[in-house]
Amino acid sequence: MNVLVGYASAHGSTAEMAEFVGRLLHAYDLNVTVAPLNDVQDCSSYDLFVIGSAIHAGMWLQEMSLFLERCAEALTSHPTHLFITCIRVLEPDGVEHSLEYYVHQPTLEKLGIDNIGVFAGKLDVNDIDWNERWLLASAYDGTESSKHVNHDYRDWYAIATWVHQIAKTMNLKPNFAQEEHVE
Ligand SMILES: Cc1cc2nc3c(=O)[nH]c(=O)nc-3n(C[C@H](O)[C@H](O)[C@H](O)COP(=O)(O)O)c2cc1C
């Protein structure tokens, strides 16, 4: 089974999460490609999609919108799971808020995507330029952004749980025959 783990990432933390997701899925004996969404023009060879984007200024990145449009046909006809990474999720009601405001529900409904993982990301204001600092300060719709500016909040265990749940719903099993023997 060919799997695309595609990502849209401005500063690399979502890319690393996608890499991690790809490694976990590989353990289930899947043929996994991890790639930036912008690099995937032809979606026809994939049987399963796991796609993720960072949230900037209250929405997923443009690469995600373009990908959803470009690959709509493949996404509607194959299992597709989506995740977003943000900092608003760290606040009270963060998951509900993110699902209500950070994803475009009509698009997801049209594509039949109903499994959406919401994960905390990584933010270091020293890594972002003044334009982005301004954007973050002016567009952030929570109340506690100042508390969350310099830290890696990624919860690898939560991400792994989400991925294993996908594997479970698809009844995927690891293939030990292909693993190298470990002494
Ligand atoms: C310019 C900018 C705008 C952001 N806007 C939001 C936002 O509106 N809501 C939010 O929860 N997080 C926001 N964040 C936090 C990012 O979603 C978080 O840092 C994410 O992990 C970044 O992923 P990346 O490293 O793959 O780009 C913003 C970050 C930046 C740099």
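The text that follows walks through the structure, step by step, so that each part is easy to find. Since this is a predicted model, take the numbers as computed values, not measurements.

1. Focus on the overall build of the protein
Here is step 1 of the chain: Each helix and strand counted, the protein has 7 helices and 8 strands in total.
Here is step 2 of the chain: Its C-alpha radius of gyration of 17 Å places the protein within 12% of the 16 Å reference for a compact globule of 183 residues.
Here is step 3 of the chain: Principal-axis analysis of the C-alpha atoms places the extent of the protein at approximately 50 × 45 × 30 Å.
Here is step 4 of the chain: Counting the 183 residues in the protein, one finds 32% classified as buried.
Here is step 5 of the chain: Look at the contacts in the protein between residues 6 or more apart in sequence, and 81% of them connect residues 24 or more apart.

2. A word on unusual backbone geometry
Here is step 1 of the chain: A positive phi angle is found at D29, which is not glycine, with a value near 65°.
Here is step 2 of the chain: Tracing the sequence through the fold places D29 in the loop between α1 (13-26) and β2 (31-36).
Here is step 3 of the chain: Overall, the presence of 16 C-beta atoms within 10 Å leaves D29 in the partly exposed class.
Here is step 4 of the chain: Positive phi values are uncommon outside glycine, yet D93 reaches one of about 60°.

3. A look at the packing of α1 against helix α7 (residues 156-169)
Here is step 1 of the chain: At a minimum axis separation of 10 Å, α1 and α7 run at an interaxial angle of 45°. By the criterion of interaxial angle, the relationship of α1 to α7 is oblique. Two packed elements cross with a definite hand, and for α1 against α7 that hand is right-handed. Contacts between α1 and α7 pair M17, F20, V21, L24 and L25 from the former with W156, I159, A160 and V163 from the latter.
Here is step 2 of the chain: Within the contact of α1 with α7, the residues separate by chemical class into 9 nonpolar, no polar and no charged.

4. Structural notes on the site of the ligand
Here is step 1 of the chain: If you check the shell around the ligand, you find 24 residues, and the closest are S9, T14, A54, C86 and G121.
Here is step 2 of the chain: Counting only elements with at least two residues in the shell around the ligand, the list comes to α1, β3 (48-56), β5 (80-86), β7 (122-124) and α6 (130-139).
Here is step 3 of the chain: A per-element tally of the shell around the ligand places α6 first, with 4 residues.
Here is step 4 of the chain: Split into classes, the residues belonging to the shell around the ligand amount to 12 nonpolar, 9 polar and 3 charged.

5. Focus on the nonpolar core
Here is step 1 of the chain: Of all hydrophobic cores here, the largest spans 44 residues; its most connected members are V3, V5, V21 and L25.
Here is step 2 of the chain: Counting only elements with at least two residues in this core, the list comes to β1 (2-8), α1, β3, α2 (62-70), β5, β6 (116-120) and α7.
Here is step 3 of the chain: Top contributing element to this core by residue count: β3, with 6 residues.
Here is step 4 of the chain: Excluding residues within four positions of it along the chain, L25 makes contact with V3, V5, L30, V32 and V163.

6. Observations regarding the environment of A35
Here is step 1 of the chain: Of note, A35 is situated in strand β2.
Here is step 2 of the chain: The spacing of A35 and L4 is 31 residues in sequence and 7.5 Å in space, taken between C-alpha atoms.
Here is step 3 of the chain: In contact with A35, other than residues within four places in its own chain, are L4, G6 and V40.

Calculation notes
Residues numbered from 1 in each chain as written. Predicted model: local features only at pLDDT ≥ 70, side-chain atom pairs only at ≥ 80, totals over all residues. Helix = DSSP H or I, 4+ residues; strand = E, 2+ residues; numbered from the N terminus. Rg over C-alpha atoms; globule rule 2.2 N^0.38 Å. Buried ≥ 20, exposed ≤ 12 C-beta atoms within 10 Å, placed from the backbone. Contact = placed C-beta atoms within 7 Å. Axes fitted to C-alpha atoms, helices over the stretch in contact; angles between N-to-C directions. Parallel < 35°, antiparallel > 145°, perpendicular 65-115°, else oblique. Left-handed = near helix turned anticlockwise from the far one by under 90°. Nonpolar A, V, L, I, M, F, W, Y, C, P; charged D, E, K, R; others polar. Near = placed C-beta within 6 Å. Core = buried A, V, L, I, M, F, W, Y, C linked by C-beta atoms within 7 Å.

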